[in-house]
Amino acid sequence: QVRLVESGGGLVQAGGSLRLSCAASGSIFSFNAMGWYRQAPGKQRELVATITSSGGTTYADSVKGRFIISRDNAKNPWSLQMNSLKPEDTAVYYCYAKANAFVTFWGRGTQVTVSS
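Residues numbered from 1 in each chain as written. Predicted model: local features only at pLDDT ≥ 70, side-chain atom pairs only at ≥ 80, totals over all residues. Heavy atoms only, no water.

Colleague: Honestly, the packing of aromatic side chains in this entry has me stumped. Any pointers?
Modeller: How two aromatic rings sit relative to each other is set out by the distance from centre to centre and by the angle between their planes. Under the counting rule described, the total for this entry stands at five aromatic pairs. With centroids separated by 5.3 Å and ring planes inclined at 70°, the aromatic side chains of Y37 and Y96 adopt a geometry described as edge-to-face. Pair noted here: Y37 is in strand β4 (residues 33-39) and Y96 is in strand β9 (residues 91-98), with a separation of 59 residues, a long-range link. Y37 sits in the partly exposed class, given a relative accessible area of 23%. For Y96, a relative accessible area of 6% corresponds to the buried category. Following the ring pairs from residue to residue traces out a cluster consisting of F31, W78 and F105. Positioned over the ring face of Y94 is R45, at 4.0 Å from the centre of the ring. For R45, the ring lying beneath its charged end belongs to W106, and the centroid distance is 4.9 Å. (Phe/Tyr/Trp six-rings, centres within 6.5 Å; stacked < 30°, edge-to-face > 60°. Helix = DSSP H or I, 4+ residues; strand = E, 2+ residues; numbered from the N terminus. Buried < 20%, exposed > 50% of the residue type's maximum accessible area, 1.4 Å probe, protein only. Lys NZ or Arg CZ within 6 Å of the ring centre and 35° of its normal.)

Here it is, written out as structure tokens:
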């Protein structure tokens, strides 16, 4: 069983920064891709950023230039540095890890609130 645990959420003023981290534990070898989704109240879950085992990264247009995803190795941990935060970044952020095409693990989420 694989368990993902997020940390680093909280309350910050607009223009500030937060760093989220996701740690994986359990029976894992490595992940093909890791990343972050977020879900704001009344909205669908949105893919924020992904990093692959080879180091390739992708970002949602809404966070490009402000967020940076990184990892120590193909297992864990991986982080999301969030800069120049905006009120519209307020959401619950979920980390995920894709073991293969059929298996994805999820964290329970961490709240990020950006005040204006």
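Colleague: Please explain the sheet that holds strand β1 (residues 2-7) as it appears in this structure.
Modeller: Strand order in this open sheet of four strands is β1-β3-β8-β7, and the pairing throughout is antiparallel. A single partner strand is all that each edge strand has here, and the edge strands are β1 and β7 (67-71). In this sheet, neighbouring strand axes are inclined to one another by 15° on average, regardless of whether the strands run parallel or antiparallel. Inspection of the sheet shows β7 paired to strand β8 (residues 78-82) by five bridges, in the antiparallel sense. In the sheet register, F67 faces β8, and the bridge partner there is M82. (Pairing = 2+ DSSP bridges. Axes fitted to C-alpha atoms, helices over the stretch in contact; angles between N-to-C directions.)

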